[in-house]
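Chain residues, written in single-letter form:
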Amino acid sequence: MSKIGLKALSEHLGLTEGTVSRAINDYPDISARTRERVKSAAAELGYRPNSSARRLATGNAECIGYVMPWQDGHISEPFLGELLDGMSQMVSGRHWDVNLAVSRSARDELDIISRMSASGRVSGVVISRIMTHDPRIEKLREMGIPFVTHGRSLKSDDHAWFDIDNFSAFREAVCHLVGLDHKAIAHIHGPLDYNFSVSRLAGYRRGLLDNNIDVDPAFEAKSDMTVNGGYRAMRYLLSLSDKPTAVVCVSDMVAIGAMKAIREFGWHPGREISIIGYDGVPISEHTYPALTTLAQPLQSAGARIAEMLLAVIDGDNPSDHQELWRATLVRRETDGPPTILE
């Protein structure tokens, strides 16, 4: 069956185009009987509304915005693709779209949020990589647009958020390595203005203390959230006279860089030194050797975040949409008992 337009549907029903449009969009000034008649004919004849016209008629942008978090190399990050795929699948069920905005600096992110909110092009916004004190959240509050954060700041009680329990994940990773007889366990952490980096570092330290292992600042190496950052941080750890036998990394991409440094050193990841990543991005299964990781359900998370945002847009209390999920340890080939003397 070929699709028909508004004019043909109106002529078929003997109604004006305005009446048909208002009936399809559930305007209260159109009787329930007429709305039912119009929708029944639309379904029978294969009518599909023009999305632009519908958006103008309802005043609803039917689009959510995602502001890509700023950092070097951010466009190629695998976790973003998985997250966006889940978001797109969810909103497409309502025939909505995702407007992706690529920022070029931290300042640009704030400007993008302002433009998105003021333009009416989106009905709500999602932001990721939440900072401990995040000016983007303050800007979204100020603009009064519905939003969901992928992660939490120190003050997240009054808005919708979705997060993974980073503290528990890194505590459990350390406990897992201790169970393999590791005692010299290092951590490559991310920039500490990100709240998830703070939580993962705190979980790492708690895991050590829970197993009666002293926290050694020399075993805590900072990295940006890139492969090159992980490579540089691992080279530092390998330069220590007392080297770690295991490393827990803030992300899979950082871990992949660390694995390169380990191989260049003449060691084999998972043999002389164990390494665990975080995120569970698809590429981590295809590294050499395959990376053991703390996997978060990125695609499912994206779908849930979009679902939460749609609920807030529909009028739900944002504070009723706050969810904390758990990461899962996926063992592959880079974790095992220590094979060198400490």
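It should be noted that the structure appears before, not after, this text.
Residues numbered from 1 in each chain as written. Predicted model: local features only at pLDDT ≥ 70, side-chain atom pairs only at ≥ 80, totals over all residues. Heavy atoms only, no water.

Participant: It is not clear to me how the pairing of strand β3 (residues 124-127) should be interpreted in this structure. Could you clarify?
Facilitator: It is a general feature of regular strands that their side chains alternate between the two faces of the sheet. Along β3, one buried face is formed by Gly124 and Val126 and the opposite face, lined by Val125 and Ile127, is buried too. Summarising the sheet, strand β1 (residues 63-68) and β3 pair through four bridges and their orientation is parallel. From the neighbouring strand, Val67 faces β3, where its bridge partner is Ile127. Pairing of β3 with strand β4 (residues 147-150) involves three bridges; the strand directions are parallel. Counterpart to Ile127 in the pairing with β4 is Thr149. The parallel pair β3 and β4, bridged by helix α7 (residues 135-143), forms a crossover whose chirality is right-handed. (Buried < 20%, exposed > 50% of the residue type's maximum accessible area, 1.4 Å probe, protein only. Helix = DSSP H or I, 4+ residues; strand = E, 2+ residues; numbered from the N terminus. Pairing = 2+ DSSP bridges. Right-handed = clockwise from strand over helix to strand, strands pointing away.)

Participant: Would you mind showing me how to read unusual backbone geometry here?
Facilitator: Only a minority of non-glycine residues have a phi that is not negative, and only a minority of peptide bonds are not trans. In this structure, the amide linkage connecting Tyr288 to the following residue, Pro289, adopts the cis form with an omega of -10°. Inspection of the secondary structure puts Pro289 in the loop between β9 (274-279) and β10 (292-295). Of note in this structure, Arg129 is not a glycine but carries a positive phi near 50°. Its location among the elements puts Arg129 in the loop between β3 and α7. Even without being glycine, Asn212 reaches a positive phi, approximately 60°.

Participant: Even after reading the chapter, I still don't get the pattern of salt bridges, so can you show me in this structure?
Facilitator: Should the charged atoms of two oppositely charged side chains come close, the side chains can pair. Per the stated rule, a full pass over the model turns up 21 salt bridges. Two residues, Asp158 and Lys155, come together in a salt bridge whose shortest N-O distance is 3.8 Å. A relative accessible area of 33% places Asp158 in the partly exposed class. Note that Glu172 and Arg326 form a salt bridge whose closest N and O atoms lie 2.2 Å from each other. Note that Glu172 is positioned in helix α8 (residues 166-179) and Arg326 in the loop between β11 (322-325) and β12 (328-330), a separation of 154 residues in sequence. Given the relative accessible area of 48%, Arg326 is considered partly exposed. Taken together, the shared-partner salt bridges connect Glu138, Arg141, Lys155, Asp157 and Asp158 into one network. (Salt bridge = Lys/Arg side-chain N within 4 Å of Asp/Glu carboxyl O.)

Participant: For this particular structure, what's the right way to read the packing of aromatic side chains?
Facilitator: Describing an aromatic ring pair means giving the distance of the ring centres and the angle of the ring planes. According to the stated counting rule, one finds four aromatic pairs in the structure shown. When the centroid spacing of 5.2 Å and the interplanar angle of 15° are considered together, the rings of Tyr194 and Phe196 count as stacked. Here Tyr194 matches Phe196 in class, with each residue buried. Note on Phe265 and Trp267: the rings are 5.0 Å apart at their centroids and 85° apart in plane angle, and the pair reads as edge-to-face. Residue classification places Phe265 among the partly exposed positions, given a relative accessible area of 39%. The exposure class of Trp267 is buried, given its relative accessible area of 18%. Sitting over the ring of Trp96, Arg94 keeps its end group 5.2 Å from the ring centre. (Phe/Tyr/Trp six-rings, centres within 6.5 Å; stacked < 30°, edge-to-face > 60°. Lys NZ or Arg CZ within 6 Å of the ring centre and 35° of its normal.)

Participant: Looking at this structure, how should I read the layout of surface pockets?
Facilitator: Unoccupied space between atoms shows up once a probe the size of one water molecule is rolled over them. Of the voids in this model, the second largest pocket is the one considered here, and its volume is about 170 Å³. Going through the elements one at a time, α6 (106-119) and α7 are the ones with two or more residues in the lining of the second largest pocket. By residue number, the principal contributor to the lining of the second largest pocket is α6, which donates four residues. Residue classes in the lining of the second largest pocket are distributed as seven nonpolar, one polar and four charged. (1 Å grid on protein atoms, 1.4 Å probe; cavity = no way out; pocket = protein on both sides within 12 Å on 5 of 7 lines; lining within 4 Å. Points joined across faces, edges and corners; volume = space filled by probe spheres on them. Nonpolar A, V, L, I, M, F, W, Y, C, P; charged D, E, K, R; others polar.)

Participant: Would you mind showing me how to read empty space enclosed by the protein here?
Facilitator: Across all of its chains, the model carries three cavities of 30 Å³ or more by this definition. Each pocket or cavity is described by its volume, and for the largest cavity that value is around 190 Å³. As for the largest cavity, its lining consists of 17 residues, of which Phe79, His150, Phe196, Arg200 and Gln296 are closest to the centre. Put simply, the parts of the chain that give the lining of the largest cavity at least two residues each are β5 (160-164), α9 (195-210) and β9. At three residues, the largest contribution of residues to the lining of the largest cavity is made by β5. Residues belonging to the lining of the largest cavity are distributed by class as follows: seven nonpolar, six polar and four charged.

Participant: Would you mind showing me how to read the side chain of Ser284 here?
Facilitator: Inspection of the secondary structure puts Ser284 in the loop between β9 and β10. Taking the relative accessible area as the measure of exposure, Ser284 reaches 0% and is therefore buried.

Participant: Would you explain the sheet that holds β5 in this entry?
Facilitator: Each strand in a sheet pairs with another by means of backbone hydrogen bonds, the pair being arranged parallel or else antiparallel. The strand order β2-β1-β3-β4-β5-β11 describes an open sheet built from six strands, whose pairing is parallel. Each of the sheet's edge strands pairs with one partner strand only, and the pair in question is β2 (97-102) and β11. Averaged over all adjacent pairs, the angle separating strand axes in this sheet is 15°, with direction ignored. In the sheet, β5 pairs with β11 via four bridges, with the strands oriented parallel. Looking at the pairing, Phe162 lines up with Glu323 of β11. The strands that α6 touches are β1, β2 and β3; relative to β1, the one it contacts most, it runs at about 170°. (Axes fitted to C-alpha atoms, helices over the stretch in contact; angles between N-to-C directions. Contact = heavy atoms within 4.5 Å.)

Participant: Would you mind showing me how to read the sheet that holds β10 here?
Facilitator: Taken in spatial order, the six strands make up an open sheet running β7-β6-β8-β9-β10-β12, and their pairing is mixed. For this open sheet the edge positions go to β7 (220-222) and β12, each flanked by a neighbour on one side alone. Sheet twist, expressed as the mean angle between neighbouring strand axes with direction ignored, is 20°. Sheet analysis places strand β6 (residues 185-189) next to strand β8 (residues 246-249), joined by four bridges and oriented parallel. Pairing of Ala186 across the sheet is with Val247, part of β8.

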